[in-house]
Amino acid sequence: MNSTPLAERLRPSSFAEIAGQEHLISSSGVITRLIGSGRISNMIFFGPPGTGKTTVANIIAKNSGMQMFKLNATTASLSDVKEIISTSDGIFSGNGILLYLDEIQYFNKKQQQALLEYIEDGRVTLIASTTENPYFYIYDALISRCSVFEFKHVSAKSIVPVLKRALNVLNDDCGINKTANDDALEFLASCAHGDVRHAITLFEGAYFASESEITKEIASEFIPSISAGLFDKDSDVHYNLLSGLQKSIRGSDPDAAVFYLAKLLEGGDILSPIRRLLVIASEDIGLAYPQAAQIAYSLCETAKMLGLPEARIPLANCAIMLATAPKSNTAYEAIAKASEDIKAGKGDTIPKHLEAPLFKGYIYPHGFQNDWCEQQYLPNDIKNAKYYTFGENKTEQAAKAYWEGVKKRKL
C-alpha cells in the first residue's frame, strides 16, 4: 500500500486538472493569462483551505523553471527565510527563486518587511497564501508589491470527478474493483464544504469501510448526523436556509423566519444562524431600531452559553424580534457607497485641520450651541458626497428633524 497521502497523490499537475477556480486558471483565467505572458509576478492567494492555492503555486513554479521553496509561517522563522534567500546568490544568473509562504498572516510586520528587499531586487518571487483577508493581516508595503487573487469554495459538482479519480487510484492500490454510486459521491462532495482535500479524506474512509460498493448510507457514517441534513447534492441547502432566514426577517415574516431558523438548528448548526442574526440586526433593522443590535447580541450570547437544544428559545426570540421590528438599510447603503468611492481612489487626503494632533483651522464643536458648527470633514475631492439618507421610519425621521432644527439654528 502506498504510504503517500491520497490527497497528495491526486494533486493536479496542470491547471486543467484543478477542480474549481475557473475565474483564475481556466483558459481565459487571469492567472493563466499572466503566466502565458511569461511574466511571473509576486502574488497573494487567499481563500478557504483545500481550494488549490498550494497546487496553483506548484504549477506556476514548474512552468516558470524557478526553484521553489516552501515555508509555513506557523512554524517558520525569519532565519528560515534568510537561509533560503542566501541560496539565491549562487543561482542569481538562472531563473531565480520562487518562495511559497503558506499562512503568511502568522508572520509579524518585521518578518514581512524583511521580505521586501529581496522581492524588490528581483532575486525572489513571492507567492503567499492565507485563509484570512490579506488586507487585514499583511503589511501594506508587501501587498502593494503583489497581485492579490481570491480562491473560492469548490462546488460539489467540481469535486465529484476528483473522487472518481480517487476511486481508481485506491482500486489500483488494492487490486480490487469497488464501485461508488452517484448519490454517495455527490453526498461526500457536498459535505466537504467546498474543501477538496477534506472530500478526499471523507471518501478514503468510506472506501475502506465498504465491501464492494460505496453507498450514501456508508458515506453518511463518516458525516456527523447533526450536519448531514444540511446539504443537498449541490451543496446549496445550508446557504439557501441562511438566505431564507435573512430574507424572511427582512420581509417582516416571523413565521417564515422561525421555520428557517428551526431547520438550521435541527441540523445542529448554531454558529451560522447566530452570525446571520447579528448581521441582520445591523443590515436590515439598523437605525430604525438601534437597540436591536444590542438585544440580538444578548440573545445570541445566551444561546451560545446554553447550547442546543435550549439555545432554540433565545434564538427564536431574536428572530421574531428582528422580523417584527421596523426596517432600515440606510447605514448599509451608506457604508457601501463610501466603499465604492474608496475603491475608486477618492478621498485619499483628509482635510489638514482634521489631522492629529490638532492643527490650526479645526473648530471644536462643543463650544457652540447644540454642540454643532459648520465645518468640512470629507476630503476636498468628495467634500459634497452624500452617503447617508435618513430612512422613512419614526426613529430616523426624528433624528432628521432634530438635525435640521440644529443646522437651521431653530433649536
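In case you missed it, the structure is sitting above this.
Residues numbered from 1 in each chain as written. Predicted model: local features only at pLDDT ≥ 70, side-chain atom pairs only at ≥ 80, totals over all residues. Heavy atoms only, no water.

**Some remarks on the overall build of the chain**
From N to C terminus, the chain includes 20 helices and seven strands. Taking the principal axes of the C-alpha coordinates as reference, the chain spans close to 90 × 60 × 40 Å. Burial analysis of the chain (411 residues in total) assigns 43% to the buried set. Sequence separation of 24 or more characterises 72% of the internal contacts of the chain that already satisfy a separation of 6 or more. Accessible area for the chain stands at about 22200 Å²; split by element, carbon and sulfur atoms hold 52% of it. Treating the 41 positive side-chain charges of the chain as one cloud and the 47 negative ones as another, the clouds have centres 8 Å apart. (Helix = DSSP H or I, 4+ residues; strand = E, 2+ residues; numbered from the N terminus. Buried < 20%, exposed > 50% of the residue type's maximum accessible area, 1.4 Å probe, protein only. Contact = heavy atoms within 4.5 Å. Areas by Shrake-Rupley, 256 points an atom, 1.4 Å probe, with all protein chains shown as cover. Lys, Arg positive; Asp, Glu negative; His and termini not counted. Charge placed at Lys NZ, Arg CZ, Asp CG, Glu CD.)

**Remarks on the packing of aromatic side chains**
Each aromatic ring pair is summarised here by two numbers: the centre-to-centre distance and the angle between the ring planes. Evaluated as defined, the whole model comprises seven aromatic pairs. For the ring pair Tyr 388 and Phe 390, a centre distance of 5.0 Å and an interplane angle of 70° mean the geometry is edge-to-face. Accessibility expressed as a relative area gives 26% for Phe 390, which makes it partly exposed. Seen from their ring centres, Tyr 402 and Trp 403 are 5.0 Å apart, and the 80° between their planes marks the pair as edge-to-face. (Phe/Tyr/Trp six-rings, centres within 6.5 Å; stacked < 30°, edge-to-face > 60°.)

**A word on the pattern of salt bridges**
Here the idea is simple: oppositely charged side chains can pair when their charged atoms come close. A full pass over the atoms with the stated rule returns eight salt bridges. For Lys 346, the salt bridge goes to Asp 341, with nearest N and O atoms at 3.6 Å. By relative accessible area, Lys 346 is classed as partly exposed at 38%. Overlapping salt bridges bring together Arg 250, Glu 283 and Asp 284 as one network. (Salt bridge = Lys/Arg side-chain N within 4 Å of Asp/Glu carboxyl O.)

**Points about the pairing of strand β4 (residues 124–130)**
Within β4, seven of the seven residues are buried, which leaves the element mostly enclosed by the surrounding structure. Neither face of β4 is left uncovered, since the one carrying Val 124, Leu 126, Ala 128 and Thr 130 and the one carrying Thr 125, Ile 127 and Ser 129 both have all their residues buried. Across four bridges, the pairing between strand β1 (residues 43–46) and β4 is parallel. By the bridge assignment, Ile 44 is partnered in β4 with Ala 128. (Pairing = 2+ DSSP bridges.)

**Remarks on the pairing of strand β3 (residues 97–102)**
The element β3 is extensively covered by neighbouring structure, given that six of its six residues are classed as buried. Taking every second residue as pointing to the same face, both faces of β3 are buried, with Ile 97, Leu 99 and Leu 101 on one and Leu 98, Tyr 100 and Asp 102 on the other. Pairing of strand β2 (residues 67–72) with β3, which is carried by six bridges, proceeds in the parallel orientation. Each residue of the ladder has a partner; that of Asn 72, found in β3, is Asp 102. Across five bridges, the pairing between β3 and β4 is parallel.

**Examining the environment of Asn 58**
Among the structural elements, Asn 58 can be located in helix α4 (residues 53–64). Sequence separation of Asn 58 and Ser 13 is 45 residues, and the distance between their C-alpha atoms is 8.0 Å.

**What to know about the nonpolar core**
A general feature of soluble globular proteins is that nonpolar side chains tend to end up buried together. Counting 31 residues, the largest nonpolar core has Ile 159, Leu 163, Leu 188, Val 196, Ile 200, Phe 203 and Ile 214 as the members making the most contacts within it. Secondary-structure elements contributing two or more residues to this core are α9 (156–174), α10 (182–190), α11 (196–209) and α12 (216–220). Considering every element that reaches this core, the biggest residue donor is α9, with eight residues. Residues contacting Ile 200, with those up to four places away along its chain left out, are Leu 6, Ala 7, Leu 10, Val 162 and Leu 163. Ala 257, Leu 265, Ile 274 and Leu 322 belong to the second-largest nonpolar core, a separate cluster that totals 27 residues. (Core = buried A, V, L, I, M, F, W, Y, C linked by side-chain atoms within 4.5 Å.)

**Regarding the packing of α9 against α10**
Geometry of a packed helix pair, given as the angle between the helix axes and the separation of the axes. Viewed as axis vectors pointing N to C, α9 and α10 meet at an angle of 120°, and their least axial separation amounts to 8 Å. As far as their axial angle goes, α10 and α9 are oblique. In this structure, the crossing between α9 and α10 has a hand that is right-handed. Where α9 abuts α10, its residues Ala 156, Ile 159, Val 160, Leu 163 and Lys 164 lie against Leu 185, Glu 186, Leu 188, Ala 189 and Ser 190. In terms of residue class, the contact of α9 with α10 is made up of seven nonpolar, one polar and two charged. (Axes fitted to C-alpha atoms, helices over the stretch in contact; angles between N-to-C directions. Parallel < 35°, antiparallel > 145°, perpendicular 65-115°, else oblique. Left-handed = near helix turned anticlockwise from the far one by under 90°. Nonpolar A, V, L, I, M, F, W, Y, C, P; charged D, E, K, R; others polar.)

**Quick word on the state of the cysteines**
When the sulfur atoms of two cysteines share a covalent bond, that bond is a disulfide. Here the structure, examined in full by the defined rule, presents zero disulfides. Left unpaired, Cys 300 is separated from the closest cysteine sulfur, that of Cys 318, by 4.4 Å. In this structure Cys 300 comes out as buried when scored by relative accessible area, which is 1%. (Disulfide = S-S within 2.5 Å.)

**Overview of helix α6 (residues 109–120)**
Under the 1.5 Å per step criterion, the end-to-end length of α6 is 17 Å for 12 residues, consistent within 8% with the ideal 16 Å. What α6 keeps buried is the set Gln 111, Gln 112, Leu 115, Leu 116, Tyr 118 and Ile 119. After α6 finishes, the residue Gly 122 shows a positive phi value of roughly 85°. (Expected span 1.5 Å × (residues − 1).)

**A look at the environment of Leu 271**
Here Leu 271 lies in helix α16 (residues 271–285). Classification of Leu 271 by relative accessible area gives partly exposed; the value is 44%.

**Re α16**
The end-to-end C-alpha distance of α16 is 20 Å, a good match for the 21 Å that 15 residues give at a rise of 1.5 Å each. Within α16, the axis deviates most sharply at Val 279, by approximately 30°. For α16, the full list of buried residues reads Ser 272, Pro 273, Ile 274, Leu 277, Ile 280, Ala 281, Glu 283, Asp 284 and Ile 285. (Bend = angle between axes of the 7 residues up to and from the residue.)

**A look at a nonpolar patch on the surface**
Taken together, the side chains of Tyr 135, Phe 136 and Tyr 137 make up a nonpolar region of the molecular surface, amounting to roughly 400 Å² of accessible area. With respect to the helices and strands, the residue Tyr 135 is situated in helix α7 (residues 134–137). (Patch = residues over 30% accessible without salt bridge, like charges linked within 9 Å, V, L, I, M, F, W, Y side chains within 5 Å.)

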